[in-house]
Amino acid sequence: MTHDFPALGLILLFPLLGVIFNIFFGQRCGRRVVNFIAPAAIFLAFAAALAAFATLLGMPRGAALGFDLWPWIEAGRFHFDIAFRFDALSGVMVLVVTGVGALIHLYSDGYMGEDEDYARFFAYMNLFAFAMLILVLANNLLLMFVGWEGVGLCSYLLIAFWYDNAEFAYNGRKAFIVNRVGDAGFVLGILTLISALASSGIWTLTFTEMAKHRETLAPVATLAGSLLFLGATGKSAQIPLYVWLPDAMVGPTPVSALIHAATMVTAGVYMVARLNFLYALSSQAMTIVATVGAVTAIFSATIAIVQPDIKRVLAYSTISQIGYMMLGVGVGAFASGIFHLMTHAFFKSLLFLGAGSVIHALDGEQDMNHMGGLKRTMPVTWVTMLVAGLAISGIPPFAGFFSKDAILASTYASGHIWLWAVGVVTAGLTAFYMFRLLFLTFHGASRIDASKRGHVHESPAVMTVPLVILALCCLIGGWIGLPDGILWGDAFGRFLMPICPTLKLTPAATLARGSLSPAVLSAIAFGLAVSGIALAWSFYVMTPGLPARLARNLSPLYRMLLRKYYIDEIYNTLVSRPLFWLSQVVLFRGVDSAIIDGAVDGTGLGVEASGEGLRRIATGNVQHYALAYLAGVLAIAGYYVYLVHRH
Amino acid sequence: MNHPLTLITFIPLIGMALILVCPPAFKAGYKWIAAATTLPQLIIAGWLVHNFSTNTAGIQFVERYPWIRAYHIFYFMGVDGISISMVLLTAIICFISVFASFSIEHGEKGYYALLMLLDTGMMGVFVALDFFLFYIFWEVMLLPMYFLIGIWGGPRREYAAIKFFLYTLLGSVLILLVMLGLYYYGVTPTFDMTQLAAQSSSYSMTFQRICWVALFIGFAIKIPAFPFHTWLPDAHVEAPTAISVILAGVLLKMGTYGILRVNYAILPAASHELAWFFLGVIGTVNIVYGAMVAMAQTDYKKLVAYSSISHMGYVMLGMASFTAAGINGAVLQMFNHGTITAMLFILVGVIYDRAHHREINGFGGLAQQMPLYTGITGLAFFAALGLPGLSAFISEVLVLIGAWQRHPVMTVFGAGTAILTAAYLLWCFQRIYLGRLDEKYASLPDLSLREGFTLVPLAVIVIVLGWYPHAILGLLQTSLNHLNRVVLAATPAQAVALH
């Protein structure tokens, strides 16, 4: 049941107006106006989203608000519309995108305060919000893809924002191209679905129609689900396409917080949840999603524990956390995956903004070896980041505890005991690397360069207020999804249930059925998290020399982690170089120049010789050409007249 | 308006006459005469689109008069959904290319006169419905192009012009032979394309196949399809900016238009039988090969030229699908490619006029010095790489939807090439516009008003068609779906009723 609600258009309109204003008038109107308009656009969108959400809460469960703009693509019997849908799932997403987005826009006023290109920056940020909102509000898969690639564009533009640095420009390009690999899969997934639907007379791609005719999708569910998931591994930085995200950290830090942590990179999780009816049809596709998620989670967590760059640690942490979300949706706990998506948006954006606050205070320093002891000079940043650290580590009652616990419990219940084990170990690693980050940055002796030490300062209110609000969210944001039986229980899950019902996977015969109770599972995860924190404490606070000694003794392992398992190098050797060789040597110089042109130039057409001839005729006097041409035309016409007469 | 098609076709000839009689003292006036000629053409095109009925697949605005009775040759003009979109495209591109020509500094009289003649030839090809008349216009278009490249081109202009001429001449000869063959072997000798289509089943299948392949080669040279494409990069590199714009914007479309108008409409049975290879396989090769070779280019203009080859491959692939989605996508892609590539060539011209070279590796950091120029280039690049929200995405995705039903393997290549396209375009973008600005370009001016005037309308079209493709699709649909049904029905045994 869809209720027509034109005000949905406002959620999209405000950011769009922001884009237009910033592009055309931003530089002219000056920094203060832009600093006001750009966040205001997102705050207004947030307000509109709240209004829509309130309306939705007043309606029966499973209802949705809809807003149709115009028929978009019509060819043959196919018709895809520009139409939006605001239901429990997209509603939560919209609130996260506009809510967290608004705070980050506000923070950017301070962070980008000295940048000359502020208008361009905010134009891109507003454009990102617009594209992301299209992604989550689209009522059909094809329109969703518009947002999907649109956010990729903004990601590219913002990673390469400081484009005069060649490395940054390269990283932006890398992000876009790696995403394109995934998107090719996404497009093929769309095609698979379209043809399956068309063969039974469904000529559209709206989520509701697809869900209604899910039985026609059954034969292609595994193929389509896997292809679409390839797209998700690009956008959501999962194995094998995660390689772009760590390099994306060269963009301005608010960008890392908004796009590369809180919203865009979680689009893959949203897509799987949105298409839960499709994935439910194929246990193979689900297993792929869950396995890739779990493996990615632990893989990138191991890289995170040795990285010296504060933003890179957070980047690998993001990859790892999205792995959790994928694990969640992959074992059929769609609501839990989205729940973790939301809490992650709180604590990871806070972590990035906190890191940004530190970087801002240290004049761009990102190496944690040159930080330390900042808790006294930057108390607000320290406390808020500590809250986020506790949340991501899964310490109750902070938000991350509930969402991560829900995912791990569902994994265990689904019979994927190994994946659960991987998830639990990752929880311990997470706590370790996160507190390593906090201790290296805020505790111990100061290792800050002498030149910068003098003017280290706490950030201005425009930056700290968002930190505090987000810290509050990290504290209480998880309480809407308590374990069943405690107080109001899993209100969040119940709210989402009509849209993405939890899939009760019956463990296959090959999978062991675990016998541990949920409370024991929680205790194990909690215990590992606390051990992780304790280990970080002993490494980086008690005996600061220990990590370096360890690194020396385990040098090959340490170097492998530091170099990120050499994945970039492997991709370069196996993909990029052969491709360029094929392009330049074989096809261009070989086929095109030598073979085809060689044949053309040589087949006695005497091209060069004729060229000589032309030079002699080509006197440059146009009247001559015109005359010659006219004569030719007259001759032909005369010939025809002659023919006609003879007839 | 009584004879809109005659008018829109021959207005440029009036302009040409005016330019030729205009005394050299008023040298500065040539370009304005040209502009004043193409503007009414554009207005008539708009009028045609406005008054065009999208409910019928029939021919509209018909003008039909006997011309050479003895040979049943008629002065027969008319448009259907396919040609009306091309008429509109031609009018837009010609108008813009006049303004893109303002940097021509020698032999202006000849240049603008030939440009006008070229305009008439192109417009005529799209409105002619008598094969003989069609052929005349086809030839009329060839010579001005040859001279425009050969005289106003770059250093290797003669080589490029001759190469263009010989290739195209070969194509013309093949088309001429088929035209005469169809005339002499028909049950009633005629050049009337509608009549030829009506009597197509009377030709023997072998004869149809031979004609089809000969016509295909004739048209494939224009597209250009692999392996007949090597004239294109040379022609583009040497041609002046506006001529490249016309070449890529309009001329290439004549190849695929010809296949639809002649091969599909007149020889549907052979089309049904042969398209999978000649359009499907070769189209796929075009897509992948064009993109791969584009990646190897160091000359900005050559890169755009090869990208054209790749993008025209989608047109072929869509046509090979014989599905409503594929074939509508194909013609929409013709329109979109026309506008986007026109932008790209204008953009190449902008930097060439300033820096006097086109070495991709010789630039860097232009974004800092020319932000407006860089912004529009970014838009054009992302349009070219099929970013959703911009026009080419719609046509490419329709092509893929259509092709997937029949040729899934080719479609995988088509979809996969989107990665390569992004790779070579963004790599090029990075090398020219991003990075550190070279000192020697620190004084380049940003876009001039005139350059902006040529680019902005195209940019608007590219954005609008990304969100409202119906503006063009609506024109095409009825005619194309009808044509598609004709082709599908032509071999009842094979005609699987695919949407």
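## Structural notes on the overall build of chain A
Working step 1: Secondary structure summary: chain A contains 29 helices and three strands in total.
Working step 2: Its C-alpha atoms give chain A principal-axis dimensions of roughly 105 × 65 × 55 Å.
Working step 3: Within chain A, contacts between residues separated by at least 24 positions form 80% of all contacts whose residues are at least 6 apart in sequence.
Working step 4: Accessible area of chain A: about 24,100 Å², with a carbon and sulfur share of 69%.

## With respect to the interface of chain A and chain B
Working step 1: Between chain A and chain B, the residue contacts involve 64 residues of the former and 78 residues of the latter.
Working step 2: When chain A packs against chain B, close to 6,300 Å² is buried across both sides, 74% of that on carbon and sulfur atoms.
Working step 3: Here chain A and chain B share one salt bridge between them.
Working step 4: A salt bridge links Lys163(B) to Asp597(A); its shortest N-O distance comes to 2.8 Å.

## Considerations on the sheet that holds strand β1 (residues 2-4) of chain A
Strand pairing in a sheet takes place through backbone hydrogen bonds and is either antiparallel or parallel in direction.
Residue and element names in this part refer to chain A.
Working step 1: In spatial order, the strands read β1-β2-β3; together these three strands make up an open sheet with mixed pairing. The outermost strands of the open sheet, each flanked by one partner alone, are β1 and β3 (78-86). The average undirected angle you get between the axes of adjacent strands in this sheet is 55 degrees.
Working step 2: Direction of pairing for β1 relative to strand β2 (residues 64-75): parallel, over a ladder of three bridges.

## Points about the nonpolar core
Working step 1: Counting residues in hydrophobic clusters, the biggest one holds 433 residues, and the most contacted among them are Leu141(A), Phe131(B), Tyr264(B) and Tyr300(B).
Working step 2: In terms of residue count, helix α13 (residues 324-355) of chain B provides more of this core than any other element does, 18 residues in total.
Working step 3: The contact partners of Leu141(A), leaving out residues within four places of it in the chain, are Phe186(A), Ile190(A), Leu193(A), Leu205(A), Phe207(A), Met210(A), Leu228(A) and Leu275(A).
Working step 4: In this structure, Ala294(A), Ala333(A), Tyr412(A) and Ala427(A) belong to the second largest nonpolar core, which totals 15 residues.

## Focus on α13(B)
Residue and element names in this part refer to chain B.
Working step 1: Given a rise of 1.5 Å per residue, 32 residues ought to cover 46 Å, and the 46 Å separating the end C-alpha atoms of α13 matches this to within 8%.
Working step 2: Within α13, 30 of the 32 residues are buried, leaving the element largely enclosed by the surrounding structure.
Working step 3: Where α13 terminates, the next one or two residues include His 356, which has phi positive at roughly 60 degrees.

## A word on the environment of Ser410(A)
All names here are of chain A.
Working step 1: Of note, Ser 410 is situated in helix α19 (residues 399-413).
Working step 2: For the pair formed by Ser 410 and Tyr 124, sequence separation is 286 residues and the distance between their alpha carbons is 38 Å.
Working step 3: Among residues more than four places away in sequence, those in contact with Ser 410 are Val 331, Ala 333 and Ser 336.
Working step 4: A distance of 2.9 Å separates a polar atom in the side chain of Ser 410 from the backbone oxygen of Ala 406.

## Let's talk about the side chain of Ser310(B)
Residue and element names in this part refer to chain B.
Working step 1: Position of Ser 310 relative to the elements: it lies in helix α12 (residues 300-320).
Working step 2: Within the structure, the side chain of Ser 310 is placed 2.8 Å from the backbone oxygen of Ile 287, a separation counted as a polar contact.
Working step 3: For Ser 310, the contacting residues outside a window of four places in its chain are Asn 286, Ile 287, Gly 290, Ala 291, Thr 417 and Tyr 424.

## A closer look at the packing of aromatic side chains
Working step 1: For the structure shown, the criterion picks out 66 aromatic pairs over all chains.
Working step 2: Relative to Trp420(A), the ring of Tyr412(A) lies with its centre 5.2 Å away and its plane at 70 degrees, an arrangement referred to as edge-to-face.
Working step 3: For Tyr412(A), a relative accessible area of 7% translates into the label buried.
Working step 4: Under the relative-accessibility criterion, Trp420(A) is labelled buried at 10%.
Working step 5: Through a chain of ring-to-ring contacts, three or more aromatic side chains come together here, namely Trp72(A), Phe145(A), Trp148(A), Phe186(A) and Phe393(B).
Working step 6: Taking NZ or CZ as reference, Lys31(B) lies 5.2 Å from the ring centre of Phe102(B), over its face.
Working step 7: Lying over the aromatic face of Phe76(B), Arg64(B) brings its terminal NZ or CZ to 5.1 Å of the ring centre.

## A few points about the pattern of salt bridges
Working step 1: Going through the model one piece at a time under the given rule, you end up with 18 salt bridges over all chains.
Working step 2: A salt bridge links Asp568(A) to Lys174(A); its shortest N-O distance comes to 3.0 Å. You can see Asp568(A) sitting in helix α27 (residues 567-602) and its partner Lys174(A) sitting in helix α7 (residues 166-198), a full 394 residues away along the chain.
Working step 3: The class for Asp568(A) is partly exposed, based on a relative accessible area of 25%.
Working step 4: Judged by relative accessible area, which is 13%, Lys174(A) ranks as buried.
Working step 5: Across the pair Asp80(B) and Arg261(B) runs a salt bridge whose closest N-O atoms are separated by 2.8 Å. Remark: Arg261(B) occurs in helix α10 (residues 241-266) and Asp80(B) occurs in the loop between β2 (73-79) and α3 (81-100); sequence separation between them is 181 residues.

Procedures and definitions
Residues numbered from 1 in each chain as written. Chains lettered and ligands numbered in written order. Predicted model: local features only at pLDDT ≥ 70, side-chain atom pairs only at ≥ 80, totals over all residues. Heavy atoms only, no water. Helix = DSSP H or I, 4+ residues; strand = E, 2+ residues; numbered from the N terminus. Contact = heavy atoms within 4.5 Å. Areas by Shrake-Rupley, 256 points an atom, 1.4 Å probe, with all protein chains shown as cover. Buried area = accessible area lost by both parts, 1.4 Å probe. Salt bridge = Lys/Arg side-chain N within 4 Å of Asp/Glu carboxyl O. Pairing = 2+ DSSP bridges. Axes fitted to C-alpha atoms, helices over the stretch in contact; angles between N-to-C directions. Core = buried A, V, L, I, M, F, W, Y, C linked by side-chain atoms within 4.5 Å. Buried < 20%, exposed > 50% of the residue type's maximum accessible area, 1.4 Å probe, protein only. Expected span 1.5 Å × (residues − 1). Polar contact = N/O pair within 3.5 Å; in protein donor to acceptor, adjacent residues only side chain to side chain. Phe/Tyr/Trp six-rings, centres within 6.5 Å; stacked < 30°, edge-to-face > 60°. Lys NZ or Arg CZ within 6 Å of the ring centre and 35° of its normal.

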